[in-house]
Amino acid sequence: MNNDICFLAEFDGGSPARSALELAAGAAGLAAESGGAAVGLAYGAGAAAGAASLGAAGAARVVVLSDTDGPAISLAAAAAATIGDDAPLAFLAPATPNGRDLAAALMGLLGLPALGPVRAVRIEGGRVRAEQSTLQGTVITVSESMADAPQPVIILALSGTFTPLEGGGGAASVSTAPSSDAGALGAARIVESHPADAAVANLEEAAVIIAGGRGVGSAAGFEPLNELAAVLDGAVGASRAAADAGWVPYQLQIGQTGKVVKPALYVGCGISGAIQHRVGMQTAENVVAINKDPDAPIGEFADLFVVGDLFAIVPELTAEIRRRKGIPS
Ligand SMILES: Cc1cc2nc3c(=O)[nH]c(=O)nc-3n(C[C@H](O)[C@H](O)[C@H](O)COP(=O)(O)OP(=O)(O)OC[C@H]3O[C@@H](n4cnc5c(N)ncnc54)[C@H](O)[C@@H]3O)c2cc1C
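Residues numbered from 1 in each chain as written. Predicted model: local features only at pLDDT ≥ 70, side-chain atom pairs only at ≥ 80, totals over all residues. Heavy atoms only, no water.

**Focus on the overall build of the chain**
For the chain, the helix and strand inventory stands at nine helices and 16 strands. Over its C-alpha atoms the chain spans a radius of gyration of 21 Å, differing by no more than 12% from the 20 Å that the globule rule assigns to 329 residues. With the C-alpha coordinates aligned to their principal axes, the bounding extent of the chain is approximately 65 × 40 × 40 Å. Considering only intrachain contacts with a sequence separation of at least 6, the fraction spanning at least 24 residues in the chain is 64%. If you average the places of the 18 positive and of the 32 negative side-chain charges in the chain, the two averages end up 5 Å apart. (Helix = DSSP H or I, 4+ residues; strand = E, 2+ residues; numbered from the N terminus. Rg over C-alpha atoms; globule rule 2.2 N^0.38 Å. Contact = heavy atoms within 4.5 Å. Lys, Arg positive; Asp, Glu negative; His and termini not counted. Charge placed at Lys NZ, Arg CZ, Asp CG, Glu CD.)

Here's what the structure looks like:
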């Protein structure tokens, strides 16, 4: 056993996924606390060529598990063989479908404990301490690994738990995982895939989100929100009511059964602030709500609550931002 922090680094189309950059930064920070090194396990198309570049993201070493697209769970035996002999202190996996699959398989193969999905992690006295949001975001629980827990403790980290490093760092040293019998999990195959609509911005990475709810009233009603998002270089999100109504794709839904987002600015337009929506956006740094009902629950936790008709306020806001930024209307 050692004090290293391992992380899963998924590659997508030749580049590290956002989750890989976040976990590399997280692993580097935790490794500084534990006195070990950040070690990435890379997989996906382009992983071999791009592995060294994870050094700039925080990794000291990277082990390439595979260089092709495929279900992450089929790499569980290779990951287990890589970490099994000299176990790191913790193993960070993204709370994505692939991350969850692989983490669960590792738990089973190596008999490891797991925490997650978590929203904050630190190492104290050689133990892993993690914060989880429970009871629909109304309670934050802090869990700590036991002194005699088998290593590594697997941690499923929500998107936004760590912030990617901005430059710096050199190249990581790269090796290839030793070949191992993939076992039954190696038989997993992707039989069908549905790529995300490229026109829909990735909400989890957006610094500014303009979200619309039932109060927007129709698909066409989202147009003023699109315009506001455009002038702020942001993305458009939605409540489930708006997605259920078919006004926007489900990819835009924020909340318990949608995306968990952490933008610098969230502007909720015609959204009441139900708990199931709140759990997806409550970690936004600044929350602005525009609602015509002064008693809407979102007013209780918004940093700025604007009471009024969104169709009057949003276009005025867009025009004012255009004017201040010198953008022609
Ligand atoms: C198991 C489960 C999971 C769920 N998961 C999610 C989830 O992931 N995400 C999610 O969002 N919801 C989720 N929900 C649904 C959630 O409970 C709410 O029903 C939903 O969030 C409400 O959406 P809304 O705020 O857009 O609509 P409403 O609650 O109907 O609110 C609309 C708001 O718009 C305001 N309004 C109307 N017209 C205007 C106007 N012209 N200008 C300004 N304001 C106006 C109204 O005053 C009102 O406050 C889930 C529910 C369940 C049971």
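**Section: helix H4 (residues 76-84)**
Within the sequence span of H4, burial applies to Ala 76, Ala 77, Ala 78, Ala 79, Ala 80 and Ile 83. Buried-residue contacts for H4 involve strand S1 (5-12), strand S3 (38-43), strand S5 (90-94) and helix H5 (97-110). (Buried < 20%, exposed > 50% of the residue type's maximum accessible area, 1.4 Å probe, protein only.)

**Here's the deal with the site of the ligand**
Close contacts around the ligand come from 25 residues, with Arg 214, Ser 239, Thr 257, Ser 272 and Asn 291 the closest. A distance of 2.7 Å separates a nitrogen atom of the ligand from a polar side-chain atom of Thr 257. Taking Gln 276, its side chain carries an N or O atom lying 2.8 Å from an oxygen atom of the ligand. In isolation the ligand exposes 980 Å². Once the protein is present, 75% of that is buried. The site holding the ligand turns out to be the second largest pocket. For the shell around the ligand, the elements supplying multiple residues, two or more each, are helix H7 (240-244), helix H8 (275-281) and helix H9 (310-325). (Near = heavy atom within 4 Å. Polar contact = N/O pair within 3.5 Å; in protein donor to acceptor, adjacent residues only side chain to side chain. Areas by Shrake-Rupley, 256 points an atom, 1.4 Å probe, with all protein chains shown as cover. 1 Å grid on protein atoms, 1.4 Å probe; cavity = no way out; pocket = protein on both sides within 12 Å on 5 of 7 lines; lining within 4 Å. Sits in = over half its atoms within 2 Å of the grid points.)

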